[in-house]
Amino acid sequence: MKKKPDKWVFSTCGYCGVGCGLYIGVKDGKAVYTKGNPAHDVNMGTLCPKGLSEHQLINSKERVTAPLIRKEGVLSESTWDKSFSKVADEFKRIANKHGKQAIGVLSTGQLLTEEFYTLGKFVQLGLGTTNFDGNTTLCMASAVMGYKQSLGSDGPVGAYEDFQKANTIFLVGANISDNHPILKLHLAKNKNNPKIIVIDPRSSKTAQMATTFVPIKARTDLALFNGLAYIVIEQGWEDLGYIKANTNGYKELKKHLQGYSPQEVANITGIDVKTLYELAREFVAQDAVLTAWTMGVNQSFMGTDTVSAIINLHLLTGQIGKEGAGPFSITGQCNAMGTREFGFTSSLPGYRNFGDAGALKEYARIAKVPEDIVPTERGYKYAEIIDAIDRGEIKALWIVATNPLVSFVNQDKLRKTLAKLDILVVQDAFMSDTAEIADVVFSAATWGEKEGVYTNSERRCNRANKAVEPLGNTKSDFDIVLEFSKYFDGVSELLYPEWEKPLDAFNEMKEISRGQLCDYSGMTYELLEEKGGIQWPCNEERPLGTKRLYSPDIAFRTKDEKAKLICADWFPMAEPVSASFPVLLNTGRTVEQWHTRTKTRSIDILNDLAPESWIDINPIDATALKVKSGDRMSISSARGRVEDVVVRVTQAVREGNIFVPFHYNTQLVNTLTSESFCPKSGEPNYKQTAIQLHSREVPDGLVFKETEISGEIEHIKTAYEGIKFVEKEKVVNI
Ligand code: SF4
């Protein structure tokens, strides 16, 4: 019999970056229900399957309910004091012997912002290591760095309302139907009968709802956006008034784009010249053009520059800072934004750049800490931390609410690398694959058991409330950090004087961000709840926040307040398909599961719908391999092999490409993925891995089909040296 809740607690979904407003139903101290908040601007009462069943994760059988210490090879229940003492003693020993930088920390996009700020402060100013990054580097780092190099600061430009106001919406590498389904509500409210142009190598569920689907060749998006910018300038479609008043670098970009003629870009991307002109024309034929993207763009070894190439197009045509227009990164995790704003990873808190002496001084003054303990530069990024462990430079690793033993690339190597650590500490609410190999586990409270704020993709700071007490002997991440800091002499007194609750962190964050782009100074917890979240900047002048950035009264955050047009080059893949590995593997998500399934695998209503991994394969390749839907196949790459994955034959993927979801720890697809990263953001190139397929009937797999790429661009010719391309891909019309 269903339990009728005796109270409803206002909150925000803790899964994805859409940031849906909801209520948690509580009965006898237990969360028993979740329902959408009809008054919330983000989701208008609707939730996706994950949101609707979210209360079930609180009492999941996968929860870690007490701190654990490994004894004689087995993780055994312990006390907080013993766990904190053991880790603190080991961290101090390692810091004394090898230096503070020998401690590495990997965080997440899942904590509340107050927790990010508290953790970052402790890691950077308390432990004194800058080797601190988050799993957000695996999903949003390219958007962060792209915004920074083009606009002077991180920070998504637009609002969900722009999906309602645009005349044309480009969705690039963004399968919102699976990954951000609630955004479709905003599209449905658009009265302009908008064109929805989906650019993706895969005919995803999102592509199937498009007005126009552009099946671009994998990892050629940067060439496409350079090509569209070329056409805009060639045709005199650029907005010279806007460019002159608001940007730098026009002349250099115009010259640079000469290498991206329409025919050349057609050859690279597989999109015919006529279509390229039609796509470019959209940017000037329509009043408002929005370009939204997610991991298809970010998870690329050219991710940062691809983001900037998208922004270039919007700057050239003045399609930014106005209703319905702009470049718009859609965030993956519920609070990837919070760690960007205050987490001490990609910048100092409040979007202060590392290396800016004035910003450092100001931060130290407001936070009341000595200037000489505030870092002057960023430490190692995620993958660099892993490499430093491999080299023996980092000896201790503290992992908070993330599960690299499913989510990071080249899993066999990672597992061997983590075994080299003197100590591995995992702080998590769930018994993740990484927690299973930890020396100490800090048992954390989860969503619904703690309070604070999340920021969603449109810069909306949302309130998440505590509905029930933390399960068993768990503590909120905020409390864990505060209490752990007391095991280090003087640290707690210096960093958290009289701090007791997340509100203390929130109040400091308000002061830290005052006058910055991510200005929280006008927010209160009460106002956030009353308004269903507020989009920053929010201050005295903008008491109800700001819909979109870079409208005429908000300048770009560069020194001269002008955006920078970036000259970016397209490069072919570092690991192209070959005779040994002739197929491209693309990885991604499905609506029923969340990340590495630590939260969703025990929720039957979700897990039963997608209980195991699968391979989407084109009918032509399926015929060659003599497989049909429901059969099983193995996949191999230069790094490993995954056995017996279920086959799904579908036209959704093109010939020579497959898609496999990344969620599953059995049939672990990241066994195959490579260590190819964007040099600017450090984000892995998850989306293209050269692989071979092995069926029972055809164990040696597919035969290599070479592809012709024309070589007019000098650097492309050079990069392709030694690789033969003979078969021209057919040009696709839309
Ligand atoms: S769309 Fe995202 S934020 Fe909304 S309910 Fe689903 S998972 Fe939660």
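Residues numbered from 1 in each chain as written. Predicted model: local features only at pLDDT ≥ 70, side-chain atom pairs only at ≥ 80, totals over all residues. Heavy atoms only, no water.

**Q** What's the story with the sheet that holds strand 4 (residues 68-71) in this structure? I'm lost.
**A** Strands in a sheet are paired, the pairing made by backbone hydrogen bonds, and the direction either parallel or antiparallel. If you trace the seven strands from one edge of the open sheet to the other, you get 5-4-16-15-14-6-7, paired in mixed fashion. Only two strands of the sheet have a single partner each, and these edge strands are strand 5 (74-77) and strand 7 (132-134). The average angle at which neighbouring strand axes cross in this sheet is 20 degrees, direction not considered. Pairing between strand 6 (residues 103-107) and strand 7: three bridges, direction parallel. Directly across from leucine 106, in strand 7, lies its bridge partner aspartate 133. Relative to strand 16 (residues 440-443), helix 2 (residues 80-98) is tilted by about 130 degrees, and along the sheet it contacts strand 4, strand 6, strand 14 (396-400), strand 15 (423-428) and strand 16. Seen against the sheet, helix 3 (residues 113-127) touches strand 6, strand 7 and strand 14 and runs at an angle of roughly 170 degrees to strand 14. (Pairing = 2+ DSSP bridges. Helix = DSSP H or I, 4+ residues; strand = E, 2+ residues; numbered from the N terminus. Axes fitted to C-alpha atoms, helices over the stretch in contact; angles between N-to-C directions. Contact = heavy atoms within 4.5 Å.)

**Q** Honestly, the domain arrangement of the chain in this entry has me stumped. Any pointers?
**A** One widely used convention gives an interface's size as the accessible area the parts lose upon coming together. Along its sequence, the chain is carved into domain 1 (7-57), domain 2 (68-138 + 335-448 + 473-515), domain 3 (157-330) and domain 4 (583-703). For domain 2 versus domain 4, the separation of C-alpha centres amounts to 32 Å. Listed as interface residues are 21 residues of domain 2 and, on the opposing side, 24 residues of domain 4. Across the domain 2 to domain 4 interface the summed buried area is about 1,900 Å²; carbon plus sulfur atoms make up 52%. By the criterion of area lost to domain 4, the three top residues of domain 2 are Val406, Val409 and Asn410, representing 28% of everything that side buries. Between glutamate 675 and lysine 413 there is a salt bridge, with its nearest N and O atoms 2.9 Å apart. In this assembly, domain 2 and domain 4 are joined by twelve residue pairs in polar contact (both at pLDDT 80 or more). Mapped by element, the contributors of at least two residues to the side of domain 2 that touches domain 4 are helix 17 (382-391), helix 18 (404-407) and helix 19 (411-418). In the side of domain 2 that touches domain 4, the residues fall into eight nonpolar, eight polar and five charged. (Domains from an automatic or database assignment. Buried area = accessible area lost by both parts, 1.4 Å probe. Salt bridge = Lys/Arg side-chain N within 4 Å of Asp/Glu carboxyl O. Polar contact = N/O pair within 3.5 Å; in protein donor to acceptor, adjacent residues only side chain to side chain. Nonpolar A, V, L, I, M, F, W, Y, C, P; charged D, E, K, R; others polar.)

**Q** What am I meant to see in empty space enclosed by the protein here?
**A** Regions of empty space are outlined by a rolling probe, equal in size to a water molecule, passed over the atoms. Evaluation of the coordinates by the stated rule reveals seven cavities of 30 Å³ or more. Taken together, 37 residues form the lining of the largest cavity, with Gln110, Asn135, Gln333, Trp594 and His595 sitting closest to its centre. Taken together, the residues of the lining of the largest cavity sort by class into 14 nonpolar, 17 polar and six charged. Shared between two domains, the lining of the largest cavity takes at least three residues from each, and those domains are domain 2 (68-138 + 335-448 + 473-515) and domain 4 (583-703). What lines the second largest cavity is a set of 25 residues, and nearest its centre among them are Gly173, Asp200, Gly296, Asn586 and Lys687. When contributions to the lining of the second largest cavity are tallied by element, the ones reaching two or more residues are helix 13 (295-298) and strand 21 (583-588). (1 Å grid on protein atoms, 1.4 Å probe; cavity = no way out; pocket = protein on both sides within 12 Å on 5 of 7 lines; lining within 4 Å. Points joined across faces, edges and corners; volume = space filled by probe spheres on them.)

**Q** Is there a simple way to think about the site of the ligand in this case?
**A** In the neighbourhood of the ligand, the contacting residues comprise Cys13, Tyr15, Cys16, Gly19, Cys20, Leu47, Cys48, Gly51 and Ile182. Within the shell around the ligand, the residues separate by chemical class into seven nonpolar, two polar and no charged. (Near = heavy atom within 4 Å.)

**Q** Is there a simple way to think about the pairing of strand 15 in this case?
**A** Moving residue by residue along a regular strand, the side chains alternate between the two faces of the sheet. A large share of strand 15 lies buried, amounting to six of its six residues. Burial of the side chains of strand 15 extends over both faces: Ile423, Val425 and Gln427 are buried on one face and Leu424, Val426 and Asp428 on the other. Pairing analysis gives five bridges linking strand 14 to strand 15, with the strands arranged parallel. Looking at the pairing, valine 400 lines up with glutamine 427 of strand 15. (Buried < 20%, exposed > 50% of the residue type's maximum accessible area, 1.4 Å probe, protein only.)

**Q** Which parts of the structure should I look at to understand the nonpolar core?
**A** The nonpolar side chains of soluble globular proteins are, as a tendency, buried together. Phe91, Tyr117, Trp398, Phe442 and Phe484 are the most contacted members of the largest nonpolar core, which has 127 residues in total. Counting residues per element, this core draws most heavily on helix 8 (residues 221-234), which supplies ten residues. Aside from chain neighbours lying at most four places away, what touches phenylalanine 484 is Phe84, Val87, Ala88, Phe91, Phe122, Trp398 and Phe442. If you look at the next biggest cluster of nonpolar residues, it comprises 44 residues, including Leu47, Leu57, Leu187 and Leu290. (Core = buried A, V, L, I, M, F, W, Y, C linked by side-chain atoms within 4.5 Å.)

**Q** Looking at this model, I keep getting lost on the pattern of salt bridges. Mind explaining?
**A** Opposite charge on two side chains allows them to pair when their charged atoms are near. In this structure the tally under the stated criterion is 35 salt bridges. A salt bridge links arginine 219 to aspartate 221; its shortest N-O distance comes to 2.8 Å. Judged by its relative accessible area of 4%, arginine 219 is buried. Between arginine 514 and glutamate 511 there is a salt bridge, and its shortest N-O distance comes to 3.0 Å. By relative accessible area, glutamate 511 is classed as partly exposed at 35%. Several salt bridges share partner residues, and in doing so they unite Glu161, Asp162, Lys547 and Arg548 into one network.

**Q** Honestly, helix 8 in this entry has me stumped. Any pointers?
**A** Every α-helical turn comprises 3.6 residues, leaving residues that sit three or four positions apart pointing alike. The end-to-end C-alpha distance of helix 8 is 20 Å, a good match for the 20 Å that 14 residues give at a rise of 1.5 Å each. The buried count for helix 8 comes to 13 of 14 residues, which makes it a mostly enclosed element. One or two steps after helix 8, the chain reaches glycine 236, where phi turns positive at roughly 70 degrees. (Expected span 1.5 Å × (residues − 1).)

**Q** Quick question: what am I supposed to make of the packing of helix 16 (residues 357-367) against helix 22 (residues 502-513) here?
**A** A packed helix pair is summarised by two numbers, namely the angle formed by the two axes and the spacing between the axes. In the contact formed by helix 16 and helix 22, the axes pass within 10 Å of each other and the chain directions differ by 145 degrees. Considering the relative orientation of helix 16 and helix 22, their crossing is right-handed. Contacts from Tyr363, Ile366 and Ala367 of helix 16 reach helix 22 at Glu508, Glu511 and Ile512. In terms of residue class, the contact of helix 16 with helix 22 is built from four nonpolar, no polar and two charged. (Left-handed = near helix turned anticlockwise from the far one by under 90°.)

**Q** So what exactly am I meant to see when it comes to the packing of aromatic side chains here?
**A** Centre distance and the angle of the planes are the two values used to describe a pair of aromatic rings. By the definition in use, this model includes 33 aromatic pairs. Between tyrosine 117 and tryptophan 499, the ring centres sit 6.3 Å apart and the planes meet at 40 degrees, which makes this aromatic pair tilted. Within this pair, whereas tyrosine 117 is found in helix 3, its partner tryptophan 499 is found in the loop between helix 21 (491-495) and helix 22, the two being separated by 382 residues in sequence. Neither tyrosine 117 nor tryptophan 499 differs from the other in exposure class; each is buried. (Phe/Tyr/Trp six-rings, centres within 6.5 Å; stacked < 30°, edge-to-face > 60°.)

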